[in-house]
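So the chains spell out like this:
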Amino acid sequence: ATRGLFLPGAPGRGPAVGTACVGATGQPIPGWLAARLPGADLRGQGRLRFFGLDIYDALLWTAPGFDPASFERHALALQLVYRRGLVGEQIAERSLKEMRALPGFDASRADTWLARMKTLFPDVAANDQLVGLYQPGVGVGFWLNGQPRGDVADPLFARLFMGIWLSPQTSEPRLRQALLGLAAP
């Protein structure tokens, strides 16, 4: 039932994939994202580094009224722009490991979640963009370079997945602060 929320063919599809709109900050918003997150603007951005290596740049797109203290109650999009090639299966496994560390993790769903992420997350190369569009109480849809990959219609999965970056219990608190536009801890 969530197919219309995330994938092409939904009513009000909006601009084509290659078209960009501009938010209040002047940052270009991909047209396909602007159509699915009306009024979205760039909330914050940061870079993940591991042992001095640039892994990806992360950008958080939010609609007006977003409250960082309760990210899970707001529609949002997290855009990752990879700085190096990574194996999709390893992205999925690392994502599950990060989700396990967050409050509310349901171990009985772990195998199902991992299998789904392995189908959704392809191998990526430098400059590939993976976007997760979070809809509270519904799930999360994924796009690679503006093309739909699929969705997970599971609100708990969606909250935990976005919590990898946005939860106060994230393993990367500085990146969280940058994404949410908050002062450094």
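As the structure is a prediction and not an experimental result, all values here were calculated from the model. Along every chain, residues carry numbers that run from 1 in the direction the sequence is written. For this predicted model, a pLDDT threshold of at least 70 governs which residues receive local features, and a threshold of 80 or more governs which side-chain atom pairs are given and counted, while totals over whole chains, interfaces and linings are taken from all residues. Excluding hydrogens and water, the side-chain figures rest on all heavy atoms present in the structure.

> Whenever I open this one, the packing of aromatic side chains confuses me. Can you help?
Remark: the centre distance and the inter-plane angle together describe each pair of aromatic rings, the angle taken between the planes. Pairing of aromatic rings covers Phe, Tyr and the six-membered ring of Trp, with a centre-to-centre limit of 6.5 Å; geometry is then stacked below 30 degrees between planes, edge-to-face above 60, and tilted otherwise. A full pass over the atoms with the stated rule returns nine aromatic pairs. Ring plane angle 80 degrees and centroid distance 5.1 Å describe the contact between phenylalanine 121 and phenylalanine 142, whose orientation is recorded as edge-to-face. Linking phenylalanine 121 in the loop between helix 4 (110-120) and strand 6 (129-135) with phenylalanine 142 in strand 7 (residues 139-144), this pair joins segments that are 21 residues apart in sequence. By relative accessible area, which is 1% here, phenylalanine 142 ends up buried. When the ring of phenylalanine 161 is compared with that of tryptophan 165, the centres are 5.2 Å apart and the planes differ by 65 degrees; the resulting orientation is edge-to-face. Here phenylalanine 161 pairs with tryptophan 165, and both are found in helix 5 (residues 155-166), just four residues apart, close to one helical turn. No difference in accessibility class separates phenylalanine 161 from tryptophan 165, as the two residues are buried. Each residue in the set Phe105, Trp113, Phe121, Phe142, Phe157, Phe161 and Trp165 is aromatic and connected to the rest through ring pairs, giving one cluster. A run of H or I in DSSP counts as a helix once it spans at least four residues, and a run of E counts as a strand once it spans at least two, with each numbered from the N terminus. With a 1.4 Å probe rolled over the protein chains alone, any residue whose accessible area is under 20% of its type maximum counts as buried; one over 50% counts as exposed, and the rest are partly exposed.

> Just checking my understanding: could you explain the side chain of serine 95 for this structure?
You can see serine 95 is positioned in helix 3 (residues 88-100). Overall, serine 95 belongs to the buried group, its relative accessible area being 7%. Whenever two N or O atoms come within 3.5 Å, that pair is a polar contact, provided that in protein one can donate a hydrogen and the other can accept it, and provided that, for residues adjacent in sequence, both atoms are side-chain atoms. Reaching out from serine 95, the side chain makes a polar contact with the backbone oxygen of isoleucine 91 at a distance of 2.8 Å. It only takes one pair of heavy atoms within 4.5 Å for two residues to be counted as in contact. Residues contacting serine 95, with those up to four places away along its chain left out, are Met117, Phe121, Phe161 and Ile164.

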